[in-house]
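Coordinates in review
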Amino acid sequence: MTSFATKVFCRVERVCQHLPVALNTFLVFSITGEVSYLVLVEAPLEPEQKKTVWSAWWKVVHLLAQYFMLGNICWNALLFLKTSPSIKGVFLGGEGVGQGWRYCYTCETHTPPRCSHCYDCKVCVLRRDHHCVFFGQCVGFRNYRFFLSCLLFMWSGLLYATLMNAEVFIVILKEGVTVHSILLLLIPWIMLVSGQVSARAFAFAFIADTCVVGFLLVSAFFFFHLFLMFRGQTTREWYSSRRPYSLGLLGNLRHTLGLRWYLCWLCPLIPSPLPGDGIIFQVTGSLEPTR
């Protein structure tokens, strides 16, 4: 009985670990589909413009823009998940243990500076930033570029989707700010279950709400991580006024995004090798890297 319960618990745990990724995927593709519908069918153009050549070009440009953002979100997310930030497969012997190294009793090994153990991933992570619950994986030295690029395109995509959904808010509020319209925007699920609105109205209201809330949340995460990157810090280090690993703006960009930091954000397939190894870090004011 105990063995059966353990197996069930392990399976439920694995499902829960992948649930945020599945939910994010569903929301991203739902928003893209809804915005594509707005562009193709409910395009915010004047009636006389919908029959002109400009209308076709307007739609093509919008579709290309949103699928460029969708492709970057999906590809960066995939590379983020496939790139392991852990110490597995990394030779930590080198010239011996130096200043800043610690011993991890869980992994039973010495770990370099800025490396820490993640109890969700069950492994030590090089230059660990934090454990991302939305992806179910740690953000570290090797996959930070893909994480930040994914945030960038999620932020720009949600900004675009929110602007495109402005027409939805206008339609809902066209008869004035009533109890019905406010409830539809705040609690669309209850309005649908109670039969107050159609499934079509619920879908538009729910996705429009998701765009606004998602844009605010992603904006907070994105600009916070930009702030940290410019300062040469991780999430675990930001509360400290000291910045021993800050190498200046350009140096921080190179050590976070790679040598082609000015191009790599355009496409995750652009190679941008990192100048370091995640083990040795140069301390500000020191000519010699510290271990």
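Residues numbered from 1 in each chain as written. Predicted model: local features only at pLDDT ≥ 70, side-chain atom pairs only at ≥ 80, totals over all residues. Heavy atoms only, no water.

Focus on the packing of helix α5 (residues 179–186) against helix α7 (residues 199–231)
Keep this limit in mind: Fitting a line to C-alpha atoms yields each axis, with helices limited to the stretch in contact; the angle taken between N-to-C directions then spans 0 to 180 degrees. Numbered from the N terminus, helices here are DSSP runs of H or I no shorter than four residues, and strands are runs of E no shorter than two. Throughout, a residue-residue contact means that at least one pair of heavy atoms, one from each residue, lies within 4.5 Å.
Contact geometry of α5 with α7 gives a least axis separation of 8 Å together with a crossing angle of 60 degrees. In this structure, α5 uses Leu184, Leu185 and Leu186 to contact α7, whose residues at the interface are Ala201, Ala205 and Asp209.

Some words on helix α8 (residues 248–257)
Basically, it comes down to this: Burial classification: accessible surface area is computed with a 1.4 Å probe over protein chains only, and a residue below 20% of its type maximum counts as buried, one above 50% as exposed, and the rest as partly exposed.
Those residues of α8 lying buried are Gly251, Asn252, Leu253, Thr256 and Leu257. At the exit of α8 stands glycine 258, carrying a positive phi of roughly 105 degrees.

Observations concerning the UniProt feature "transmembrane region" (unreviewed entry) in the chain
Stated precisely, the cut-off is as follows: UniProt positions are given in the numbering used here, feature names are shortened, and annotations may be inferred rather than shown by experiment.
Using the residue numbers shown here, the UniProt feature "transmembrane region" (unreviewed entry) corresponds to residues 21–40, 60–81, 144–163, 169–190 and 202–230. Taken end to end, residues 21–40 comprises 100% helix and 0% strand; its first and last C-alpha atoms sit 28 Å apart. From the first C-alpha to the last, residues 144–163 spans 29 Å; its make-up is 100% helix and 0% strand.

Some points on α7
Short version of the rule: One less than the residue count of a helix, multiplied by 1.5 Å, gives the span that helix is expected to have.
Its 33 residues place the ends of α7 47 Å apart at the C-alpha level, agreeing with the 48 Å of an ideal helix rising 1.5 Å per residue. Immediately beyond the C-terminal end of α7, within one or two residues, lies glycine 232, with a positive phi of roughly 70 degrees.

What about the nonpolar core?
The test is simple: Throughout this description, the term nonpolar core refers to a set of buried Ala, Val, Leu, Ile, Met, Phe, Trp, Tyr and Cys residues connected via side-chain atoms within 4.5 Å.
Of all hydrophobic cores here, the largest spans 32 residues; its most connected members are Ile31, Val35 and Leu148. Looking at this core, the elements with two or more residues in it are α1 (2–40), α2 (53–82), α3 (144–164), α7 and α8. Of the residues forming this core, the biggest block, eleven residues, is contributed by α3. Among all residues touching leucine 148, those that are not within four sequence positions of it are Phe222, His225, Leu226, Met229 and Leu257. Of all hydrophobic cores here, the second largest spans twelve residues; its members include Trp101, Cys118, Leu126 and Ile279.

Details of a nonpolar patch on the surface
This is how the line gets drawn: Here a patch means residues that are over 30% exposed by relative accessible area and free of salt bridges, tied together within 9 Å if like-charged and within 5 Å if nonpolar (Val, Leu, Ile, Met, Phe, Trp, Tyr). For every accessible area listed, the method is Shrake-Rupley and the probe measures 1.4 Å; residues are considered covered only by the protein chains on display. In what follows, salt bridge is the name for a side-chain nitrogen of Lys or Arg lying within 4 Å of a carboxyl oxygen of Asp or Glu.
On the surface, a nonpolar cluster with roughly 860 Å² of combined accessible area is contributed by Leu173, Val177, Val179, Ile182, Leu183, Leu186, Ile187, Trp189 and Ile190. Secondary-structure elements contributing two or more residues to the nonpolar patch are α5 and α6 (188–193). Examining the composition of the nonpolar patch, we find that four residues originate from one element, α5, more than from any other.

Description of the pattern of salt bridges
Applying the stated rule across the entire model yields one salt bridge. Across the salt bridge formed by glutamate 237 and arginine 114, the nearest N and O atoms sit 3.0 Å from each other. Taken as a pair, glutamate 237 in the loop between α7 and α8 and arginine 114 in the loop between β2 (109–111) and β3 (116–118) lie far apart in primary sequence, 123 residues in all. Across the pair, arginine 114 and glutamate 237 agree in class, each one buried.

Comments concerning the packing of α7 against α8
Here is the rule: Note on angle classes: values under 35 degrees are labelled roughly parallel, values over 145 roughly antiparallel, values of 65 to 115 roughly perpendicular, and the remainder oblique. Amino acids outside the nonpolar list (Ala, Val, Leu, Ile, Met, Phe, Trp, Tyr, Cys, Pro) and the charged list (Asp, Glu, Lys, Arg) are all regarded as polar, and Gly is one of them.
It is the contact of α7 with α8, at a shortest axis distance of 7 Å, that shows an interaxial angle of 115 degrees. By the angle between their directions, the pair α7 and α8 is classed as roughly perpendicular. Of the residues in α8, those in contact with Met229, Phe230 and Arg231 of α7 are Leu249, Asn252, Leu253, Thr256 and Leu257. Here the residues of the contact of α7 with α8 sort into five nonpolar, two polar and one charged.

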